[in-house]
Amino acid sequence: MAKGDFDRRVQEFMQGRNGPDDVTRVCTWVALALIVVYLFVPAWWLSVVALALIVYGWWRMLSRDVAARARENERFMGRLGPLRPWVSSPVGTLRERRSHKVLTCPQCGQRLRVPRGKGKVRVRCRRCGTTFEGRS
């Protein structure tokens with residue numbers, strides 16, 4: 001079987017399915033962390049929880065109820081709060097932290113990016129129009 005044929009079959013199989021989302025990625029990473037902990041602390045329940053997380057992640061990826069999985073994913077991401085960028089794009093967030101600082105508007109809580117190394121900056125919130133100062 002040629003590689004192109006296999007890719008086509010996988011694409012046909014996954015058509016109409018949810019695919020990997022943020023909840024699946026978090027389940028996979030937590031399961032991987034539990035497996036690493038299990039190597040040092042052999043407790044049977046760690047492997048059971050890790051296996052359950054992997055099975056749940058695969059179930060989410062192969063689910064055909066895309067709307068329900070999208071709602072669940074949005075609820076999960078909404079509850080993460082400040083960890084949301086780290087879950088969505090950990091490498092991009094780390095790269096961005098080197099070049100920008102995030103300031104929070106004292107009035108409405110809107111998060112605003114400013115370039116690092118500019119000293120004291122005056123920022124105007126895009127949401128509420130409040131002007132405030134912060135260090136970059």
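Above this text sits the structure in question.
Residues numbered from 1 in each chain as written. Predicted model: local features only at pLDDT ≥ 70, side-chain atom pairs only at ≥ 80, totals over all residues. Heavy atoms only, no water.

Enquirer: Got a sec to walk through the pairing of strand β1 (residues 100-104)? Specific residues and values, please.
Expert: Regular strands place their side chains on alternate faces of the sheet. Where β1 and strand β2 (residues 111-115) come together, five bridges link them in antiparallel fashion. When the sheet's bridge partners are listed, T104 is paired in β2 with R111. Here β1 folds back onto β2 in antiparallel fashion, the turn holding six residues, of which G109 has a positive phi close to 85°. (Pairing = 2+ DSSP bridges. Helix = DSSP H or I, 4+ residues; strand = E, 2+ residues; numbered from the N terminus.)

Enquirer: Tell me about the side chain of N73, and name the residues and values.
Expert: Structurally, N73 is set in helix α4 (residues 66-80). Taking the relative accessible area as the measure of exposure, N73 reaches 13% and is therefore buried. Those residues within four positions of N73 in sequence are excluded, and the remaining contacts are D21, D22, V23 and R60. (Buried < 20%, exposed > 50% of the residue type's maximum accessible area, 1.4 Å probe, protein only. Contact = heavy atoms within 4.5 Å.)

Nothing here speaks to function; it is geometry throughout.
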